[in-house]
Amino acid sequence: MKAVVLAAGKGERLRPLTDDRPKVILKVANRPIIGYVLENLDPFVDEFIIVVRYEKEKLIKALGDEFNGKPITYVEQLPGEGTAKAIESARKHIGEEEFIVANGDIYFEIEGVKDLIGAFRREKADAALLVKEFDDLSHFGKIEVEGSLVSGVKEKPGKVSGYANLGVYIFKPEVFEFIGKTPVSKRGEYEITDTLNLMIGAGRRVAYAVYSGYWNDIGRPWNLLELNEYLLKNRLRHEIRGIVEAGATIVPPVEIGEGTVVRSGAYIVGPVKIGRNSRIGPNCFIRPATSIGDGCHVGNAVEVKNSIIMDGSNAPHLNYVGDSIIGENTNLGAGTITANLRHDRGNVKVEVKGKLEDSGRHKLGAIIGHNVKVGINVSIYPGRKIGSNSFIGPGVIVDRNVPQGHIVTV
Ligand code: TTP
């Protein structure tokens, strides 16, 4: 069986982290998001077809042409927007057999795929999808069911409870006939949920499997922190491959990659994951749920907690990084501090695609893009975003979002 993985989207809601790259290659717990998708599909498939468009060269470079010895074929999304259009783009690579489809920007585990295939076969279905029960479906497609079959899909039904569509499907090749008839939606997209409604209307059997494991849809920046925390708390093995100097304290589980040096006085409380060739300490405090990538520097008198620091980035002297995401090759000047809590203890709000959204978190720090230079003694308000390739001068108070490629001085 083949798997089609959708990875052509622009990831607008994840800016500034997607300013210059597709979201599926952003690393969480030091691995690209799409790596988890491929890993969990791998036992069931013999080839991956990845649908690409936005910044596709970066995706192809990051993943290469095989995964666990199985070939990856890249196909460019046909003109037009939406998941149905993305799936249609893979048509010429699909033969007579059923195939799995998964969004490339979600996290799910292997049991889900097993149950999905089980439901498809048991029901002798034409399609099947994975669902999970939520109290509030305002951000989801609601799956309505009758017995063991799906009776309809309603996009963004509002604040109601029920089964949400998780973005993992199995289809017979006949789906392409229905995709061809799918009209463009109000959002201006060809959506696979509309295709499913057409199939159901035409009497096709659409089965479902209820997933009870962990799932996350990486749409907004704080979803990266949620997934990071889950992976570190549930999937991390204590393993030290680097050098830990005498006088450093490591409270397991902590994973430290080859070539990384942890200097004396560093105090690391797991779960913490540190990549390869990074420099940690002396005298720093790394608290739980922190991922630090390859080639990073976390130096003297620095505290990091519940954060993601991507490859090649530095918090080198006197920094506090709390509940924050720092993109690749970004440097924080000495004394730069992220605030992660409002004085009124209210939820931190973040601007997403021009609208202020409640993150649902009372602790959320900065979201900093790639290749950013932050000067000394910069203070960053909770939930503020700094665009990639920006320059923040010394002593600036970042109380509003900084767009991509901007210079901000006092
Ligand atoms: P979305 O998260 O709905 O879209 P997006 O990735 O573009 O993000 P944003 O809304 O923040 O801009 O996409 C769901 C999945 O489908 C995701 O894996 C990307 C993929 N996709 C495509 O491959 N092609 C498309 O045209 C669209 C809209 C999505």
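Here, every reference points to the structure presented above.
Here the structure is a predicted model, which is why all the values come from computation and not from measurement. (Residues numbered from 1 in each chain as written. Predicted model: local features only at pLDDT ≥ 70, side-chain atom pairs only at ≥ 80, totals over all residues. Heavy atoms only, no water.)

(A) Broad picture of the overall build of the protein chain. If you tally the helices and strands in the protein chain, you get seven helices and 41 strands. At 22 Å, the protein chain has a C-alpha radius of gyration in line with the 22 Å of a compact globule built from 410 residues. Viewed in the frame of its principal axes, the protein chain has a C-alpha envelope of about 65 × 40 × 35 Å. Within the protein chain, the proportion of its 410 residues that are buried is 55%. Carbon and sulfur atoms make up 49% of the accessible area of the protein chain, which amounts to about 16,900 Å² in all. Taking the average location of the 53 positive side-chain charges in the protein chain and that of its 51 negative ones, the two points are 3 Å from each other. (Helix = DSSP H or I, 4+ residues; strand = E, 2+ residues; numbered from the N terminus. Rg over C-alpha atoms; globule rule 2.2 N^0.38 Å. Buried < 20%, exposed > 50% of the residue type's maximum accessible area, 1.4 Å probe, protein only. Areas by Shrake-Rupley, 256 points an atom, 1.4 Å probe, with all protein chains shown as cover. Lys, Arg positive; Asp, Glu negative; His and termini not counted. Charge placed at Lys NZ, Arg CZ, Asp CG, Glu CD.)

(B) Spatial organisation of the pairing of strand β13 (residues 206-210). Of all five residues in β13, four are buried; the element is thus mostly enclosed. Pairing analysis gives five bridges linking strand β9 (residues 127-134) to β13, with the strands arranged parallel. Paired with Leu129 across the two strands is Tyr208, which belongs to β13. (Pairing = 2+ DSSP bridges.)

(C) A look at the site of the ligand. Residues in contact with the ligand amount to 18 residues; listed here are only the nearest, Leu6, Glu12, Arg13, Gln77 and Gly82. The separation between a nitrogen atom of the ligand and a polar side-chain atom of Gln77 is 2.6 Å. Contacts to the ligand include Gly104, whose backbone N or O atom sits 3.2 Å from an oxygen atom. Out of a free accessible area of 570 Å², the ligand has 86% covered by protein chains. (Near = heavy atom within 4 Å. Polar contact = N/O pair within 3.5 Å; in protein donor to acceptor, adjacent residues only side chain to side chain.)

(D) Just the pattern of salt bridges, in detail. Tallied over the full model, the rule gives 36 salt bridges. Here Lys70 ties to Asp42 by a salt bridge, and the two come within 3.0 Å at their closest N and O atoms. Of this pair, Lys70 sits in strand β6 (residues 70-76) while Asp42 sits in the loop between α1 (33-41) and β4 (47-52), placing them 28 residues apart in sequence. Note on Asp42: relative accessible area 12%, which makes it buried. Between Lys156 and Glu155 there is a salt bridge whose closest N-O contact spans 3.3 Å. Residue classification places Lys156 among the partly exposed positions, given a relative accessible area of 40%. (Salt bridge = Lys/Arg side-chain N within 4 Å of Asp/Glu carboxyl O.)

(E) How the structure looks around the pairing of strand β11 (residues 149-155). The sheet contact formed by strand β10 (residues 141-146) and β11 spans six bridges and is antiparallel. Bridge assignment links Val145 to a residue of β11, and that residue is Val150. The hairpin formed by β10 and β11 contains two residues between the paired strands, and Gly147 there has a positive phi angle of roughly 65 degrees.

(F) The packing of aromatic side chains, seen in detail. Evaluated as defined, the whole model comprises 13 aromatic pairs. Considering the side-chain rings of Phe140 and Trp215, the 5.7 Å spacing of their centres and the 50 degrees angle between planes classify their relative orientation as tilted. In this pair, Phe140 is assigned in the loop between β9 and β10 and Trp215 in the loop between β13 and β14 (216-217), connecting sequence segments 75 residues apart. Exposure class is identical for Phe140 and Trp215. Each is buried. Centroid distance Tyr163 to Tyr208: 5.9 Å. Interplanar angle 40 degrees. Geometry classified as tilted. Here the residue Tyr163 occupies a position in strand β12 (residues 162-171), and Tyr208 occupies one in strand β13, the gap between them amounting to 45 residues. Taking the relative accessible area as the measure of exposure, Tyr163 reaches 21% and is therefore partly exposed. Since its relative accessible area comes to 14%, Tyr208 is described here as buried. Taken together through their ring pairs, the aromatic side chains of Tyr36, Tyr107, Tyr214 and Tyr230 make up a single cluster. Here the basic side chain of Arg31 rests over the ring of Tyr36, its NZ or CZ set 5.3 Å away from the ring centre. A cation over a ring is seen here: Lys85 above Tyr190, with NZ or CZ 4.8 Å from the ring centre. (Phe/Tyr/Trp six-rings, centres within 6.5 Å; stacked < 30°, edge-to-face > 60°. Lys NZ or Arg CZ within 6 Å of the ring centre and 35° of its normal.)

(G) View of the nonpolar core. Judged by nonpolar contacts, the single largest core of 42 residues is most densely connected at Leu38, Leu41, Ile50, Leu59, Ile100 and Phe108. A per-element tally of this core places helix α4 (residues 110-122) first, with five residues. Each residue touching Ile50, except ones within four places of it in the same chain, is listed here: Val5, Ala7, Ile34, Leu38, Leu59, Leu63, Ile72, Thr73, Tyr74 and Val75. Membership of the second largest hydrophobic core comes to 32 residues, among which are Val262, Ile268, Cys296 and Ala315. (Core = buried A, V, L, I, M, F, W, Y, C linked by side-chain atoms within 4.5 Å. Contact = heavy atoms within 4.5 Å.)

Worth remembering: the numbers are spatial, not functional.
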